[in-house]
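# Breakdown of the fold
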Amino acid sequence: MTRWTVVCRYDDLIPERGVAALVDGEAVAVFRTHDGVLHALSNTDPFSEASVLSRGIVGDRDGAPTVASPIYKQRFDLRTGTCLDDPDVAVARYPVRVTDGIVEVGGA
Amino acid sequence: MRTLVIAGHGMVGHRLVEALVERDTQQQWRIVVLAEEQRHAYDRVALSSYVDSWDADTLTLPSVDDDRVELRLGDPCVAIDRDARTVRTAAGDVVAYDALVLATGSAPFVPPVPGHGLPGCHVYRAPEDLDAIREAAQHAMHTTAAGRRSGVVVGGGLLGLEAAHALRQLGLSPHVVEMAPRLMPVQVDEGGGALLRRFVEQLGVTVHCGAATDAIETDRGRLLVRLSGGTELDTDLVVFSAGIRPRDQLARDAGLRVGDRGGVHVDARCRTADEHVWAVGECAAVDGRCYGLVAPGYAMAEVVADRLAGGQATFPGADTSTKLKLLGVDVASFGDAHGQTDGALEVVHNDPVTGRYAKLVVSDDARTLLGGVLVGDASAYGSLRALVGTELPDDPGALISPSGAELDAATLPDAAQVCSCYAVTAGALGQAITDGAEDVPALKSCTKAGTGCGSCVPTLKKVLAAHGVAQSTALCEHFEHSRAELFEIVSATGIGTFTELIERYGQGRGCDICKPAVASILASLGGGHILDGEQAALQDTNDHFLANLQRNGTYSVIPRVPGGEITPDKLMVIGEVAKEYGLYTKITGGQRIDMFGARVEQLPVIWRRLVDAGFESGHAYGKALRTVKSCVGTDWCRYGVQDSVTMAIKLELRYRGLRSPHKLKSGVSGCARECAEARSKDFGVIATETGWNLYVGGNGGFSPRHAELLVSDVDTDMLVRYIDRFLMFYVRTADRLQRTAAWIEAMEGGLEHLREVVVDDSLGIADDLEAAMAGHVAGYTDEWNAVLDDEDKLARFTSFVNAPDAPDPNIEFVDRRGQQVPVGYDRGSQPVMLAGPELEVVTR
Ligand code: SRM
Ligand SMILES: Cc1cc2nc3c(=O)[nH]c(=O)nc-3n(C[C@H](O)[C@H](O)[C@H](O)COP(=O)(O)OP(=O)(O)OC[C@H]3O[C@@H](n4cnc5c(N)ncnc54)[C@H](O)[C@@H]3O)c2cc1C
Ligand code: SF4
Ligand code: FES
């Protein structure tokens, strides 16, 4: 059964800007895209091992919503976690939902 | 295979190698080049720019990489045996030839006045000559009192004025002695010469026209130059530039005919009477006439290459048009400048107030343009020269009156010659464009236009535009515009958000390329705090947290220390803050102090302390002004001539917070010793005895480049205005992540065009640029201070939204030389990124 951790109010999320949350001791990056959809990925940038993905710039490439790591700028698909610049690399995805205006991320 | 021996590896000899390698598709020729000089062929025309860098490599011409070519540097040809068809080299080698081309250039003419060989007398032809002049000028710095240091240039032609300019850059007061009654007698007429003289004198050059040099004597460790008429000039050195003499000795010794005034006599094929011996460039006298310019030499090289490859080319006679900017003054002369054609009429426009002199020489019916002289403003040169020999589209007077019709590249007749170096007509360019040439580089490679002296490049651009050819300068997949175009759009429409801009002018949702670029444009145009509203989501993480992201996800903090000057009290505050938060401290390369290892949630508390102590953001995180470095200047330094610290602080405070396409750095040195390294900066200021020299376009980093002189000896007020204009012009027109060095390099017309815009206000935008800068200065507020006053913005400074007080467990430090550094500091970075995100990621 999924355990859900409270992140923040949905309205507190700035569109196209991530936040980081602590979920069972792990750092998770949560993004709200311009169309209102939420995405959650591991906050750890696999290329630098720094916990920073939530601080990257959100945008799109060929229509896919992306975040660019702020360290070396590789872009990741927000929906799948796959690195678009190096398809062998991916970051973990987390389930995310809104309940009564509150954003929650599911742990393993 | 047959052997071509070329004696001489100057500009023209080298062009011959290039041209033959290209035309000799049958691989019939091997080429042996015998070169007297030790260096690879270089751009002698640009010799004076050696004074900017003292790096001769910047002059080197591109080498020809081909197995057929053997280059023997430092081994000149000393004799020709025409019967045996061999040449002998200084090293004693004998080389057999099937064809021999003499390309030995010319030597400066030194008039045989008494004392011409004294130490301190120089010529101006090769980098070595400039090295010797520089050494003499440096010697004068130590031995002659400031204000009395001077140099005398004998000869007031093109080269003499260039030499005078170089002396001025070396800190000497130049005198120019010219026998003729005016400067540049070959190119300009009396009216133009008078105006030119006024300009040159305003720049601190003393001109002695109609004077002969009678003698040079030594006098108390210096030199004394005696002129006809009794004038005596005390000086530290003398430079002769009284003309050139073709180096035709090899031909004379071999019994070949020389011209009446010297030069290897050749026919229109550039061949001597000996069918195996040819001559090109300054050493050649084509049908008896020598040419002291490179374009005719290049044409001769092309003729010989064509002939050797089996063609029938002949030398068409050459255009001796010239356009130059001497000491900041435009001078151009083209075609029959002196009106020597029968019945020629002259149309003159002379305005001493605005400093413009223009003369057109036209045929007796006033319909055909024959030539002209322009002084003060030569912007019409390109189009006028192209019209020589053709029927004028307009009344000649209208073409040169200041309000006159701008010549339109679209109306150039097909026969008009646009590039005289390669005889390329407007018609040929139009054909190339129809065949698919889309930009200047493409036109250069298919027609060769623009690859000689380069003076036609601005016209090439106009011709492209006249044919409606636009180039892709798209920023990224979301915008088809360049950064400069987006800047204009935002500025003209007043659009204030990224969303509106992309909806109206782009597609998709943006990315890490266009978002920060637009953020920077909005900030440059005074869009409010960079973290206001939607703008916050556009910023790179550095700008978002107003600090520099480090490898382990922590940040570094750099407060501004204007000019590098800091009080002990402020130093102590930095020490206390760093100690309290366990920050690693280091003195940066920019004369300030960096504190590393702060977590996001610590940034506001750290900055509260710093702001309370009077610090403000140093913008080390932004594409913005970084530092204005300074040396100690007159306050302390025994050599200082101006107060460099006050100037550096003034400039740093003026331009702080200015958002730009890339970071901006500056420096101010208090004298020519240049301890602040100003010439490695985007804009550098060096004190002179009477004011300031402004250098622009310097760069350290990945491709170092020395800044080049934009204006000299200006007062503080003018200095600041020129910098205002320069910076705002850069902010408006540069590409994303293009430092000023790359921006100037990519600019059509380069530094000269920049100078026209910034100094001469050729685009009429100087007032606008200054007003924009005034707006920036008035609107400046400290970004950090503004964040500390704003609860909403402060709320974003947390590691975790759902645990605001929890530090990131991922961040760990270890001790190194008594300070903390990230765990894994010894791992090195994984993918290596050089010079920012525009370069690709290289994984080991
Ligand atoms: C801290 C400092 C090194 C030091 O300890 O001395 C430094 C550190 C960084 N430099 Fe630098 N540079 C520092 C002085 C310089 C200098 C020297 C100078 O300014 O006098 C240069 C060469 C001069 C120049 O820029 O022309 C320099 C050329 C670069 C470049 C190459 C720029 C180029 O045009 O090729 C980069 C990469 C870039 O900007 O894209 C760079 C980028 C960086 C970055 C921002 C790399 C990064 O993205 O993390 C480094 C992070 C700074 C930080 O976290 O605080 N740094 N960097 C210096 C800060 C100066 C300051 O007080 O602001
Ligand atoms: C400061 C300066 C500014 C100038 N500005 C302009 C300008 O704005 N526009 C313009 O059109 N022209 C300009 N010129 C002139 C232009 O540089 C020359 O026309 C051009 O360099 C001539 O090329 P060249 O190959 O004939 O001779 P050079 O470039 O002089 O080359 C001849 C080479 O042959 C070598 N040599 C001589 N004898 C021998 C031998 N026996 N064996 C082997 N090698 C030998 C010499 O050492 C030299 O390297 C300028 C010249 C100077 C000095
Ligand atoms: S960018 Fe390179 S040179 Fe500059 S501080 Fe970092 S490691 Fe040193
Ligand atoms: S006119 Fe010299 S390159 Fe075109």
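Located above this text is the structure these notes cover.
Below is a short write-up of the structure. (Residues numbered from 1 in each chain as written. Chains lettered and ligands numbered in written order. Predicted model: local features only at pLDDT ≥ 70, side-chain atom pairs only at ≥ 80, totals over all residues. Heavy atoms only, no water.)

### Observations regarding helix α12 (residues 457-466) of chain B
Residue and element names in this part refer to chain B. Applicable threshold: Classification of residues uses two cut-offs on accessible area relative to the type maximum, computed with a 1.4 Å probe and protein chains only: under 20% is buried, over 50% is exposed, and between them is partly exposed. Put simply, DSSP H or I for four residues or longer makes a helix, DSSP E for two residues or longer makes a strand, and each gets a number counted from the N terminus. The arc refers to the directions leading from the helix axis to the C-beta atoms. Two residues form a contact once any of their heavy atoms are found within 4.5 Å.
Those residues of α12 that fall on the buried side of the exposure criterion are V457, T459, L460, V463 and L464. Buried residues of α12 fall within an arc of 155 degrees about the axis and therefore sit on the same side. Residues of α12 that are buried in the fold lie against α8 (381-386), β26 (417-419), α10 (426-434) and α11 (440-447). G468 occupies a position one or two residues after α12 and carries a positive phi of about 70 degrees.

### Focus on the packing of aromatic side chains
Residues and elements named next belong to chain B. Which entries qualify depends on this criterion: For Phe, Tyr and Trp, where Trp contributes only its six-membered ring, two rings pair if their centres lie within 6.5 Å, and the inter-plane angle classes them as stacked under 30 degrees, edge-to-face over 60, or tilted in between. Two conditions define a charge sitting above a ring: the NZ of Lys or the CZ of Arg must be within 6 Å of the ring centre, and it must be within 35 degrees of the ring normal.
The tally for this structure, following the rule as stated, stands at 14 aromatic pairs over all chains. Here the aromatic rings of F545 and Y555 are separated by 5.5 Å at their centres, their planes lie at 55 degrees, and the arrangement is tilted. One end of the pair, F545, is in helix α16 (residues 541-545); the other, Y555, is in strand β29 (residues 555-557), with ten residues separating them in the sequence. Across this residue pair, the class does not change: F545 and Y555 are buried. In textbook terms, an aromatic cluster arises when at least three aromatic residues are bridged by ring pairs, as seen for F545, Y555, W607, W784 and F797. A cation sits over an aromatic face here: R134 above W54, 4.2 Å from the ring centre. In this structure, R673 is placed above the aromatic ring of Y639, and the distance from its NZ or CZ to the ring centre is 3.9 Å.

### Some points on the site of ligand 1
All names here are of chain B. So the rule is basically this: In these notes, residues near a molecule or strand are those with any non-hydrogen atom within 4 Å of it. Nitrogen and oxygen atoms within 3.5 Å of one another constitute a polar contact, given that in protein one can donate a hydrogen and the other can accept it, and given that sequence-neighbouring residues count only through two side-chain atoms. Side-chain classes follow a simple rule in which Ala, Val, Leu, Ile, Met, Phe, Trp, Tyr, Cys and Pro form the nonpolar group, Asp, Glu, Lys and Arg form the charged group, and the remainder, Gly included, forms the polar group.
With respect to spatial proximity, 22 residues lie near ligand 1, and among them Q550, T588, G589, K663 and G700 are the closest. In this structure, an oxygen atom belonging to ligand 1 sits 2.7 Å away from a side-chain N or O atom of R592. When the residues that make up the shell around ligand 1 are grouped by side-chain class, the tally is three nonpolar, eleven polar and eight charged.

### Re the sheet that holds strand β5 (residues 86-89) of chain B
Residues and elements named next belong to chain B. Our working definition: Two strands pair if DSSP finds at least two bridges between them. Fitted lines through C-alpha atoms give the axes, limited to the stretch in contact for helices. The angle between two N-to-C directions lies from 0 to 180 degrees.
Judged by pairing direction, the sheet is antiparallel, and its three strands sit side by side in the order β4-β5-β6 without closing on themselves. This sheet does not close on itself; its edge strands, each paired only once, are β4 (77-81) and β6 (94-96). With direction set aside, neighbouring strand axes in the sheet form an average angle of 25 degrees. For β5 and β6, the ladder comprises three bridges, and the chain directions are antiparallel.

### Quick look at the interface of chain A and chain B
For clarity, the threshold we go by: A simple way to read buried area is as the amount of 1.4 Å-probe accessible surface that goes missing from two parts once joined, with both sides added. Whenever a carboxyl oxygen of Asp or Glu lies within 4 Å of a side-chain nitrogen of Lys or Arg, that contact is scored as a salt bridge.
Across the contact, 35 residues belong to chain A and 42 residues belong to chain B. The junction of chain A with chain B conceals about 3000 Å² of combined surface from both sides, 54% of it contributed by carbon and sulfur atoms. Sorting the residues of chain A by area buried against chain B places R55, I57 and Y72 of chain A first, and these three jointly supply 23% of that buried surface. Taken together, the links from chain A to chain B amount to four salt bridges. Here chain A is connected to chain B by 18 residue pairs in polar contact (both at pLDDT 80 or more). Contributions of two or more residues to the side of chain A that touches chain B are made by β1 (4-9), β2 (19-23) and β5 (57-61) of chain A. Per-element tally for the side of chain A that touches chain B: the top contributor is β5 of chain A, with five residues. Split by residue class, the side of chain A that touches chain B holds 19 nonpolar, seven polar and nine charged.

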